[in-house]
Amino acid sequence: VLSALHAQRPDLVIGFEMFPRRAQPVLDDWVAGKLTVRQFLDQSQWESVWKLPAELYLPLFQFARINRIPMVALNVDRKLTRAITEKGWDAIPAAEREGVGRAAPASKAYRDFLFEVFGEHPNGNGKDAAKAQPSDPAFGRFVESQTAWDRAMAEGLARHVTPGSAGDRRL
């Protein structure tokens, strides 16, 4: 799929959810051919940021490197999303938000979807799924965390799209 996309749009860039923004210099060094696979995985902290086997993703990373396709780190550090889940957006100092702007309120459909996820979430926020209510403050913070995460990735994508030109830089 990636090869076909690249054939259609040789100027594309690839955004990766699994890498926090702080890993961008490592992604740049990888594409530039400056790192071995082991160095890339170690320096990007693969084992702690994604936890899935790197072998599942290495063909994508290698394709980007071979074709000099920019790789973009779209995510934020998990400590930010955890802090939002624990304290709420407003309790996080602006300097600790990694430059992420306030997310738009979640639609009712998205809140409903997230409520199902909340009940199944590993943290569970100390609540039994059957006892959780959409009005629970913990669920409100969970929604804030998810929408901040969504916004962070959207902002990351937007930084790599050339405004006003439909044919330039596609993720």
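Thresholds, definitions, all that
Residues numbered from 1 in each chain as written. Predicted model: local features only at pLDDT ≥ 70, side-chain atom pairs only at ≥ 80, totals over all residues. Heavy atoms only, no water. Core = buried A, V, L, I, M, F, W, Y, C linked by side-chain atoms within 4.5 Å. Buried < 20%, exposed > 50% of the residue type's maximum accessible area, 1.4 Å probe, protein only. Helix = DSSP H or I, 4+ residues; strand = E, 2+ residues; numbered from the N terminus. Contact = heavy atoms within 4.5 Å. Salt bridge = Lys/Arg side-chain N within 4 Å of Asp/Glu carboxyl O. 1 Å grid on protein atoms, 1.4 Å probe; cavity = no way out; pocket = protein on both sides within 12 Å on 5 of 7 lines; lining within 4 Å. Points joined across faces, edges and corners; volume = space filled by probe spheres on them. Nonpolar A, V, L, I, M, F, W, Y, C, P; charged D, E, K, R; others polar.

Core analysis: the largest hydrophobic core is formed by 25 residues, its most contacted members being Phe 19, Phe 40, Trp 46, Phe 61 and Met 71. Put simply, the parts of the chain that give this core at least two residues each are strand 1 (14-20), helix 2 (24-31), helix 3 (37-43), helix 4 (46-49), helix 5 (58-66) and strand 2 (71-75). Leaving out residues up to four positions away in the same chain, Met 71 has contacts with Ile 14, Phe 16, Phe 19, Gln 24, Leu 27, Asp 28, Trp 30, Val 31, Phe 40, Phe 61 and Ala 64. Leu 80, Ala 83, Trp 89 and Val 100 belong to the second-largest nonpolar core, a separate cluster that totals 9 residues.

Inspection of the secondary structure assignment puts Phe 40 in helix 3. With near-sequence residues (within four places) excluded, Phe 40 lies in contact with Phe 19, Val 26, Leu 27, Trp 30, Leu 35, Phe 61 and Met 71.

Another point: the side chain of His 6. Relative to the helices and strands, His 6 is located in helix 1 (residues 2-8). On the basis of relative accessibility, which here comes to 16%, the residue His 6 falls in the buried class. Excluding its chain neighbours within four sequence positions, the residues that come into contact with His 6 are Leu 12, Phe 63, Asn 67 and Ile 69.

Right, let's get into the pattern of salt bridges. Overall, the coordinates contain 7 salt bridges when judged by the stated rule. Salt-bridge contacts for Glu 155 lead to Arg 21; the nearest nitrogen and oxygen are separated by 3.5 Å. One end of the pair, Glu 155, is in helix 8 (residues 137-158); the other, Arg 21, is in the loop between strand 1 and helix 2, and 134 residues separate them in sequence. The residue Asp 77 makes a salt bridge to Arg 22 at a minimum N-O spacing of 3.0 Å. One end of the pair, Asp 77, is in the loop between strand 2 and helix 6 (78-87); the other, Arg 22, is in the loop between strand 1 and helix 2, and 55 residues separate them in sequence. On the basis of relative accessibility, which here comes to 44%, the residue Arg 22 falls in the partly exposed class.

Reported here for the second largest pocket is a volume of approximately 160 Å³. If you go around the second largest pocket, the residues you meet are Trp 89, Arg 102, Ala 103, Ala 104, Pro 105, Ala 106, Arg 111, Gly 140, Val 143, Glu 144, Thr 147 and Ala 148. The element best represented in the lining of the second largest pocket is helix 8, accounting for 5 residues. Residues belonging to the lining of the second largest pocket are distributed by class as follows: 7 nonpolar, 2 polar and 3 charged.

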